[in-house]
Amino acid sequence: MKTNFVFTEETKKRHQMLLSYLEDGIPVLLEGPTGTSKTFSAEFSCELSGRKLIRFNINPETKLAYLAGQYDGDSNSQGRIFHSKGPFIVAFEEGQTLLLEEINFAIPECIQFIEDSLDSGIIKVELPGMPLREIHMHENFRLIVTRIPIERECLPASFLSRF
């Protein structure tokens, strides 16, 4: 990765901590104003550790279906529908690192889904007319979220305690 980023002793310490958390499977929350290298830090750490990174930007209009996946039509399947996987399920099932940017804009339904998935290590997907499918968390799944400081915090303490 070519960059003009200046690595001070402090940034080297932060990157080492991030690498350590990723190695240990601890979800990471990076906070700071726009332009403070949150995304770069995640990308750089994943590159150094050889982890595949999936980036997903959250905004107030992001529905759970965009994050987890949604049902789509399929004329070749028995039920005529299938579940297209969203970035969270892809990373969760395949053992990739997921970067959710600006998590503080996530709606409560998305926050609850993330909490439940981290707590149980299982995502349950149900298609009409099909048996319930359980997706188990891959041992290499890693989660990094970023947030920008805002005056009124909307993330519940129960969510923040996981990072």
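Only a predicted model underlies this, so the values are computations on that prediction, with no experimental measurement involved.

Enquirer: Explain the overall build of the protein chain to me, using residue names and the numbers behind them.
Expert: The helix and strand inventory of the protein chain stands at six helices and eight strands. Taken from N to C terminus, the helices and strands of the protein chain fall in the order α-β-α-β-α-β-β-α-β-α-β-β-β-α. Per-residue burial for the protein chain yields a buried fraction of 40% across its 163 residues. The long-range fraction of contacts in the protein chain, counting pairs at least 24 apart against all pairs at least 6 apart in sequence, stands at 67%. A total accessible area of about 9400 Å² is found for the protein chain, and carbon and sulfur atoms account for 51% of it.

Enquirer: How would you explain the packing of helix α1 (residues 9–24) against helix α2 (residues 38–49) if you had to name every residue and give the values?
Expert: Following both chains from N to C, one finds α1 and α2 inclined at 60 degrees, their axes separated by 10 Å at the closest point. One element, α1, and the other, α2, form an angle in the oblique class. Considering only the axes of α1 and α2, their crossing is right-handed. Seen from α1, the contacting residues are H15, L18, L19 and L22; seen from α2, they are F40, S41, A42, F44, S45, C46, L48 and S49.

Enquirer: Could you give me a rundown of the sheet that holds strand β2 (residues 53–57), with the residues and numbers involved?
Expert: Strand order in the open sheet formed by four strands is β1-β8-β5-β2, with parallel pairing between adjacent strands. Edge strands, defined here as strands with exactly one partner in the open sheet, are β1 (28–31) and β2. For this sheet, the mean inter-axis angle between neighbouring strands, taken without regard to orientation, is 20 degrees. Here five bridges tie β2 to strand β5 (residues 97–101), and the two strands are oriented parallel to one another. When the sheet's bridge partners are listed, R55 is paired in β5 with L99. α1 contacts β1, β5 and β8 (142–147) of the sheet and is inclined by roughly 140 degrees relative to β8.

Enquirer: Give me the lowdown on unusual backbone geometry, citing residues and values where you can.
Expert: Even without a glycine there, the phi angle at S37 is positive, about 75 degrees. Structurally, the position occupied by S37 is in the loop between β1 and α2. Positive phi values are uncommon outside glycine, yet E102 reaches one of about 60 degrees. Counting through the fold element by element, E102 comes out in the loop between β5 and α5 (108–120). The class of E102 is partly exposed, set by a relative accessible area of 30%.

Cut-offs and rules
- Residues numbered from 1 in each chain as written.
- Predicted model: local features only at pLDDT ≥ 70, side-chain atom pairs only at ≥ 80, totals over all residues.
- Heavy atoms only, no water.
- Helix = DSSP H or I, 4+ residues; strand = E, 2+ residues; numbered from the N terminus.
- Buried < 20%, exposed > 50% of the residue type's maximum accessible area, 1.4 Å probe, protein only.
- Contact = heavy atoms within 4.5 Å.
- Areas by Shrake-Rupley, 256 points an atom, 1.4 Å probe, with all protein chains shown as cover.
- Axes fitted to C-alpha atoms, helices over the stretch in contact; angles between N-to-C directions.
- Parallel < 35°, antiparallel > 145°, perpendicular 65-115°, else oblique.
- Left-handed = near helix turned anticlockwise from the far one by under 90°.
- Pairing = 2+ DSSP bridges.

Read these as layout, nothing more, since geometry by itself doesn't imply function.
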